[in-house]
Amino acid sequence: MSTVNEPQTPTAEDREFLRRCVDLAREALTAGDEPFGSLLVDERGTVRFEDRNRVKDGDATRHPEFEIARWAAENLSPQERRTSVVYTSGEHCPMCSAAHAWVGLGRVVYASSSEQLVAWRRSWGFDAGPVAALPINAVAPGIPVAGPEASLADEIRALHARMSGV
């Protein structure tokens, strides 16, 4: 029996939150940053925190998923963290997966997978990046995940293509 979860399919409600993540990713790209956006939603469906990538000024750790983990550690109880959901335009990188697990956040729902992003980048002639593109559950096997969301793939691919000058 594997300790790694198989990602589930996002629900209709999930897709609404993912739409906002894609909007945040577009906002990031418009601001000259990498196109990633994320939300933290509590068990009642209230958005408690949102952010977008902010790495353009040289701090490569300024991912929105990492900022969510920091915010949650400072502002939510362990129970609130466990019952929350993180929605994100792109699957967590290993750094963000680890932060998510260490803080004790709940489910992750992502619009595009790391595997998709690597494939897109390679098809445009770029390398995969400086860190292995591991799935969330390879880093944090206990986190329930859902994604990718096929209905958003073309839009997210277009944002990354624009960022890459393709």
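Nothing here was measured: the structure is a model prediction, and the numbers come from that model.

Visitor: Go over the nonpolar core, please, and point to the residues and values.
Guide: Among the nonpolar cores identified, the biggest contains 22 residues, and Leu18, Leu39, Tyr87, Val109, Leu152 and Ile156 are the most heavily contacted of them. Broken down by secondary-structure element, the contributors of at least two residues to this core are α1 (12-30), β1 (37-41), β3 (85-90), β4 (108-112), α5 (114-123) and α7 (153-164). When sequence neighbours within four positions are dropped, the list of residues in contact with Ile156 reads Val22, Ser89, Ala111, Ser112 and Trp120. Membership of the second largest hydrophobic core comes to 13 residues, among which are Leu40, Leu76, Val103 and Leu105.

Visitor: I'd like to hear about the packing of helix α2 (residues 64-75) against helix α4 (residues 94-103), residue by residue, with values.
Guide: Where α2 meets α4, the axes come as close as 8 Å, and the angle between the chain directions of the two elements is 15°. When the axis of α2 is compared with that of α4, the two are roughly parallel. Taken as a pair, α2 and α4 cross one another with a handedness that is left-handed. Between α2, through Glu65, Phe66, Ala69, Ala72 and Ala73, and α4, the contact on the second element is made entirely by Met95, Cys96, Ala99, His100 and Val103. Broken down by class, the residue content of the contact of α2 with α4 amounts to eight nonpolar, one polar and one charged.

Visitor: Could you give an account of α7, naming the residues involved and the relevant values?
Guide: Its twelve residues give α7 an end-to-end C-alpha distance of 16 Å, which sits within 8% of 16 Å, the value for a rise of 1.5 Å per residue. Listed as buried for α7 are Ala153, Ile156, Leu159, His160, Ala161 and Ser164. Packing partners of the buried residues in α7 comprise α1, β3, β4 and α5.

Visitor: Tell me about the pairing of β4, and name the residues and values.
Guide: Burial of β4 is extensive: five of the five residues sit out of reach of the surface. Pairing geometry for β3 and β4, over four bridges, is parallel. For Thr88, the partnering residue across the bridge sits in β4 and is Tyr110. In the classification by handedness, the crossover that spans β3, the intervening α4 and the parallel β4 is right-handed. The pairing of β4 with strand β5 (residues 145-146) spans two bridges and is classified as parallel. Opposite Val108, over in β5, you have Val145 as the bridge partner.

Visitor: Which residues make up the pattern of salt bridges, and what values do they have?
Guide: Counting across every chain of the model gives 15 salt bridges. Arg107 is the salt-bridge partner of Asp14, the closest N and O atoms lying 2.6 Å from each other. Here Asp14, found in helix α1, pairs with Arg107, found in the loop between α4 and β4; they are 93 residues apart in sequence, far enough to count as distant. The partner of Arg62 in a salt bridge is Glu67, and the shortest N-O contact between them spans 3.0 Å. On the accessibility criterion, Glu67 (14% relative accessible area) is buried. Overlapping salt bridges, with partners in common, bring together Arg19, Asp23, Arg26 and Glu155 in one network.

Visitor: Account for the sheet that holds β1, with residues named and values stated.
Guide: An order of β2-β1-β3-β4-β5 is seen for the five strands of this open sheet, with the pairing classed as mixed. A single partner strand is all that each edge strand has here, and the edge strands are β2 (47-52) and β5. The strands touched by α2 are β1, β2 and β3; relative to β1, the strand with the most contacts, the crossing angle is about 25°.

Visitor: Just give me the short version of the environment of Leu152, but keep the residues and values in it.
Guide: Structurally, Leu152 can be placed in the loop between β5 and α7. Here Leu152 falls in the buried class, since its relative accessible area comes to 6%. When neighbours within four sequence positions are excluded, Leu152 is seen to be in contact with Leu18, Arg19, Val22 and Ala111.

Conventions and cut-offs
Residues numbered from 1 in each chain as written. Predicted model: local features only at pLDDT ≥ 70, side-chain atom pairs only at ≥ 80, totals over all residues. Heavy atoms only, no water. Core = buried A, V, L, I, M, F, W, Y, C linked by side-chain atoms within 4.5 Å. Buried < 20%, exposed > 50% of the residue type's maximum accessible area, 1.4 Å probe, protein only. Helix = DSSP H or I, 4+ residues; strand = E, 2+ residues; numbered from the N terminus. Contact = heavy atoms within 4.5 Å. Axes fitted to C-alpha atoms, helices over the stretch in contact; angles between N-to-C directions. Parallel < 35°, antiparallel > 145°, perpendicular 65-115°, else oblique. Left-handed = near helix turned anticlockwise from the far one by under 90°. Nonpolar A, V, L, I, M, F, W, Y, C, P; charged D, E, K, R; others polar. Expected span 1.5 Å × (residues − 1). Pairing = 2+ DSSP bridges. Right-handed = clockwise from strand over helix to strand, strands pointing away. Salt bridge = Lys/Arg side-chain N within 4 Å of Asp/Glu carboxyl O.

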